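Descriptive analysis of the structure
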Amino acid sequence: MHQSIVHIALVVKDYDEAIDFYTKKLNFELIEDTYQPEQDKRWVVVSPPGSTGTTILLARASKPIQEDFIGNQAGGRVFLFLNSDDFWRDYNDMIAKGIEFVREPKEADYGTVAVFKDLYGNLWDLLQLNDDHPLAKRGK
């Protein structure tokens, strides 16, 4: 059996500002931006550069209850984990582009990690897994 998670929905305030942040600040690729007139919404998918795994569906909040979760989808915990093949390259690039880090880089048993906020305040780990980490081995 082979299954995979295709998309993670991330509730956003505005499609265009979210696209701008993810493509210009995090260097993600815009995979799809299709208007769906029957629902008056857009299907917007972004992905880290070179990734062949799970993508992020930027889903504009369409109800007041959804708006309450913009920037706090995980209740203040780290929500998403961005693995890099070169932590310091990406960390320095993100700093230069004004990304706010709320926890400075540190070496952990599993690799190098720092925590940053996206444009709405969701917390992300930027990490580089050690070569002997089980997930690092899966990609090779």
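Above this note sits the structure.
From a predicted model like this one, the values you see are computed outputs, not experimental measurements. (Residues numbered from 1 in each chain as written. Predicted model: local features only at pLDDT ≥ 70, side-chain atom pairs only at ≥ 80, totals over all residues. Heavy atoms only, no water.)

For the rest of this paragraph, the subject is the sheet that holds strand 2 (residues 29–36). A sheet is described by the order of its strands in space; here four strands give the open sequence 1-4-3-2, paired in mixed fashion. Looking at the sheet topology across the chains shown, the edges are occupied by strand 1 (7–12) and strand 2. When the angles between neighbouring strand axes are averaged without regard to direction, this sheet yields 25°. When strand 1 meets strand 4 (residues 55–60), the two strands line up parallel, connected through six bridges. (Pairing = 2+ DSSP bridges. Helix = DSSP H or I, 4+ residues; strand = E, 2+ residues; numbered from the N terminus. Axes fitted to C-alpha atoms, helices over the stretch in contact; angles between N-to-C directions.)

Per the counting criterion, the structure on display carries 10 aromatic pairs. Measuring from centroid to centroid gives 5.0 Å for phenylalanine 87 and tryptophan 88, while their planes differ by 85°, and the two rings are edge-to-face. For phenylalanine 87, a relative accessible area of 0% puts it in the buried group. On the basis of relative accessibility, which here comes to 44%, the residue tryptophan 88 falls in the partly exposed class. Through pairs of rings, three or more aromatic residues link up here, namely Phe21, Tyr22, Phe28, Phe87, Trp88, Tyr91, Phe101, Phe116 and Trp124. (Phe/Tyr/Trp six-rings, centres within 6.5 Å; stacked < 30°, edge-to-face > 60°. Buried < 20%, exposed > 50% of the residue type's maximum accessible area, 1.4 Å probe, protein only.)

Scanning the entire structure with this criterion turns up six salt bridges. Linking aspartate 20 and lysine 24 is a salt bridge whose minimum nitrogen-to-oxygen distance equals 2.9 Å. In this pair, aspartate 20 and lysine 24 are both assigned in helix 1 (residues 15–25), four residues apart and thus about one turn of the helix distant. Take lysine 24: its relative accessible area is 54%, and that puts it in the exposed class. Among the ionic pairs, aspartate 90 bridges to arginine 89, the shortest N-O distance being 2.9 Å. Through salt bridges with shared partners, one network takes in Asp16, Asp33 and Arg42. (Salt bridge = Lys/Arg side-chain N within 4 Å of Asp/Glu carboxyl O.)

Moving on: unusual backbone geometry. In this model, asparagine 27 sits at a positive phi of 65°, which is unusual for a non-glycine residue. Mapping asparagine 27 onto the fold places it in the loop between helix 1 and strand 2. Owing to a relative accessible area of 34%, asparagine 27 belongs among the partly exposed residues under this scheme. Phi is positive for aspartate 40, which is not a glycine, with a value near 50°. For aspartate 40, the location among the structural elements is in the loop between strand 2 and strand 3 (41–47).

Our next topic: the environment of leucine 127. Mapped onto the fold, leucine 127 is located in strand 8 (residues 123–129). Taking C-alpha positions, leucine 127 is 13 Å from methionine 94, a pair spaced 33 residues apart along the chain. Look past the residues within four positions of leucine 127 in its chain and what remains in contact with it is Phe81, Leu82, Asn83, Ser84, Phe87, Thr112 and Val113. (Contact = heavy atoms within 4.5 Å.)

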